[in-house]
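# A closer look at the structure
The residues making up each chain are set out below.
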Amino acid sequence: MNSKKTIVLIILLLIIISFVLTPIEMNANGIETAGEIIGSGFKPSISELPLALEAAVTTVFYAGAGMSIALFFSFFLSLFASGILTKSTRVQNTIRNLFAGMRAIHELIWALFFVTAFGLMPMTALLALAVPYTGMLGKVYTDIFSHMELKKIKRLEGLGATKAQMIVYGYLPQALPQLISYSLYRFECAIRSSTILSFVGVTGLGMKTQLMLNDLRFNEMFTYIYVLFLLVVIIEIWGNLYRQKKFQKGTVCISILLLFSSWYFILIHEGAFYDTLISQKNLMYAFDFLSKLLGFQTDNIAFLDLNEISHVFLLTLKTLQMSFVAIALSVLFMAITVILATKPYSHPLVYGLIRSVYLFTRAIPELIWAMILVFIFKPGIWVGALALAIHNFGILSKLCAEVIETMDEKPLLALRQAGAKKGQLLIYGVVPSVIKSFISYSIYRWEIILRTTIIVGLVGAGGLGYYFRLNFSWFHYSNITLVLIFYIVLVKLADKISLYLNKVWG
Amino acid sequence: MINVSQLTCKKNKIDILKDINLSIHSKEKIAIIGPSGAGKTTLMNILSKQENDYYGFVLIHETDIKTYNHRDLAHIIGTISQDMNLIDNLKVIHNVLAGNLKDWSFIKSIYSLIVPQEKEAALQALSSVHMKAHYNKKTSNLSGGEKQRVAIARLLMQNPSIVLADEPIASLDPSLARNSIELLLSTTQDKTLIMVLHHVEYALEYFDRVIGIKEGKVFFDKTANLVTKEDLGALYEL
């Protein structure tokens, strides 16, 4: 009990220090710009809609093609990682570690690497999507395959089935609903990822949003943002229908259609057919880039320079600070709104409104929130923290609202029969019952926020990300390696801390 | 005290209860028995105002139950069931003090979670169910039998004049079940107790009056020592 109190105190202290060290500085005409941006949100440009839909098609097809590569590799690799196709634990662990490495690095960082190594072309963008998504899908597919009911499948072995037949008749039918359900959720994420690849020059919704923002054409910008929102809503509805078993054949048909049209679009329309990702010239570039990352052909090797190391260490602390402010704001916004986002405790209108806000804030990637916010606030930790907070607030709140909506009602009914009013039901019944799940979701989101701090840093939100981007522009590749080393240590540390915290509250 | 007249309850056009008439006096100890699906739980739900879709009248202290709001009704009727329905993540003392919520303001309820209010009364309720030593424990760490006793302590804290117990011992093992019934009876001496039971022997052994319900009707309503083997055989179609 005492250790819990100490941990809570330490966390509170860290959050307070982080807030104190994070000044909120507006741009000279920040308030006016904020007003203008918010006002434009109510008046999106209708004439921009055809172009926005065209951009949406590009975004969806990039996401579709990238996902299809990830699906292919993650599926086959997870059959090995879960021990179905191999008994060797060494092979299983190697693939699991490969998955972990692939997903530890954000798609945008992969994109920067691939673009630097191979140049900007459709295939590099697809690769940047496919690598981290193979890691994410692979991990979950492996978990699904590893936790299956084996009795019936073993019976097939007794009937003389080969490994391939066992997969087709045993493993797949049992695992497919879960695999598809998770993949649909990841497809929604892939749409967001495909959007933010605009940062390395991929066309589509993100690129257009960025262009409109830079031209201060906020009304047009919102047209693109709303189309992105709509895309996410459609995929969410699709996922829900599938989970309710109402749209299973349709899901298969649409997926196949999406697969073929995505590849047709990428290969023919975007000209990827003529891409030569692996040419001698590209391999030379890639080798050159890699050797510079490792400090060869470099005068001042950053990761051997104490000054640089201490500088990056300070930036790492700034990044941590950004993550604390972000998660604190997310949890605060969530705590204020979550009850109004649950059917039993809210008015239907308020419920609908708040759930729409959740959906909107999470549909828009943190990078785009950060791009918008730098028009209002001076670049720095606050912008990154706020952008991360807005995006994660939507996700965290949705998860928490669902915990309340699905909790066991009987103890609440008993309290009501003992005479408790609604407010008392909340503090005696709902809060104690859901607090554990809330804490565990918050820890989980903090971990994800920490991974993403580097991304919002790229657009001027400070911390490791900003330094990362500057060094990319200056071709200081050994500095990039140094940042990556600190970043990976940070991510690993967050992993350990969240495991520990979950154990304490578990 | 409780008067039920011409009570009929239908669900999906099927009669769950048919023309029930009962008169229950203050401090009576009544067991309700009958086969599964006879309508016992529906009757209890109507008496605790959880079920409001019925024909006929239910009068509590000569007032229609439908006119009570839930806070006023909590002063008169308390319930206990096999699921105990405690809040697992609260400490035992707070679960017991929840019996006071009907009289507390919102602010006092919050304050009590920090500094327990009326702690002495709660401890007394706990000691009458032999659970005083556990007051500071988390409820999720208790066994099923212990939770049952905490639920009884909460009921004592609530202090209603009528206690409705719907199969409170169904999830307990036999030795605990007997203890639990004895505890409920001893702690509700000054109250009316109506208990739905699956165990006929307990009903006959511990209760003054036994009501047999079958196919939604009162099959018999007798003092325990007048219930015959034939009555029970016909009730359960043995």
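Residues numbered from 1 in each chain as written. Chains lettered and ligands numbered in written order. Predicted model: local features only at pLDDT ≥ 70, side-chain atom pairs only at ≥ 80, totals over all residues.

Moving on: the nonpolar core. One broad trend across soluble globular proteins is that nonpolar side chains are buried collectively. Ranked by size, the top nonpolar core spans 203 residues in total, and within it A:Ala370, A:Leu373, A:Ala387, B:Val96 and B:Ala153 carry the most contacts. When residues of this core are assigned to domains, at least three fall in each of domain 1 (62-296) and domain 2 (315-408 + 436-506) of chain A. Those residues in contact with B:Ala153, other than ones at most four positions away along the chain, are B:Val96, B:Ala125, B:Leu126, B:Val129 and B:Met131. (Core = buried A, V, L, I, M, F, W, Y, C linked by C-beta atoms within 7 Å. Buried ≥ 20, exposed ≤ 12 C-beta atoms within 10 Å, placed from the backbone. Domains from an automatic or database assignment. Contact = placed C-beta atoms within 7 Å.)

Residues and elements named next belong to chain A. Viewed as axis vectors pointing N to C, helix H3 (residues 49-81) and helix H10 (residues 218-243) meet at an angle of 45°, and their least axial separation amounts to 9 Å. Here H10 runs oblique to H3, going by the angle between their axes. Read as a crossing pair, H3 and H10 show a hand that is right-handed. Along the contact surface, H3 presents Leu49, Ala52, Leu53, Ala55, Ala56 and Val60, while H10 presents Thr223, Tyr224, Val227 and Leu231. (Axes fitted to C-alpha atoms, helices over the stretch in contact; angles between N-to-C directions. Helix = DSSP H or I, 4+ residues; strand = E, 2+ residues; numbered from the N terminus. Parallel < 35°, antiparallel > 145°, perpendicular 65-115°, else oblique. Left-handed = near helix turned anticlockwise from the far one by under 90°.)

Attention now moves to helix H5 (residues 119-128) of chain B. All names here are of chain B. What H5 keeps buried is the set Ala122, Ala125 and Leu126. Buried positions in H5, seen along its axis, are confined to an arc of 100° and lie on one side of it. Just beyond H5, the residue with positive phi is His130, at close to 60°. (Arc of directions from axis to C-beta.)

Here we take up the sheet that holds strand S4 (residues 55-60) of chain B. All names here are of chain B. Strand order in the open sheet formed by four strands is S2-S1-S4-S5, with antiparallel pairing between adjacent strands. Edge strands, defined here as strands with exactly one partner in the open sheet, are strand S2 (14-24) and strand S5 (63-64). Alignment of strand S1 (residues 2-11) against S2, held across seven bridges, turns out to be antiparallel. In the sheet register, Leu7 faces S2, and the bridge partner there is Ile20. Across the sheet, helix H1 (residues 40-47) is in contact with S1, S2 and S4; its angle to S2 comes to roughly 60°. (Pairing = 2+ DSSP bridges.)

Attention now goes to the domain arrangement of chain A. Residue and element names in this part refer to chain A. As assigned here, chain A comprises domain 1 (62-296) and domain 2 (315-408 + 436-506). Here the C-alpha centre of domain 2 lies 22 Å away from the C-alpha centre of domain 1. On the side of domain 2, 21 residues touch domain 1, which itself brings 23 residues to the contact. Contributions of two or more residues to the side of domain 1 that touches domain 2 are made by helix H5 (107-118), helix H8 (163-196), helix H9 (205-214), H10 and helix H12 (280-293). Here the side of domain 1 that touches domain 2 gets five residues from one element, more than from any other, and that element is H10. Tallied by class, residues from the side of domain 1 that touches domain 2 come to 15 nonpolar, six polar and two charged. (Nonpolar A, V, L, I, M, F, W, Y, C, P; charged D, E, K, R; others polar.)

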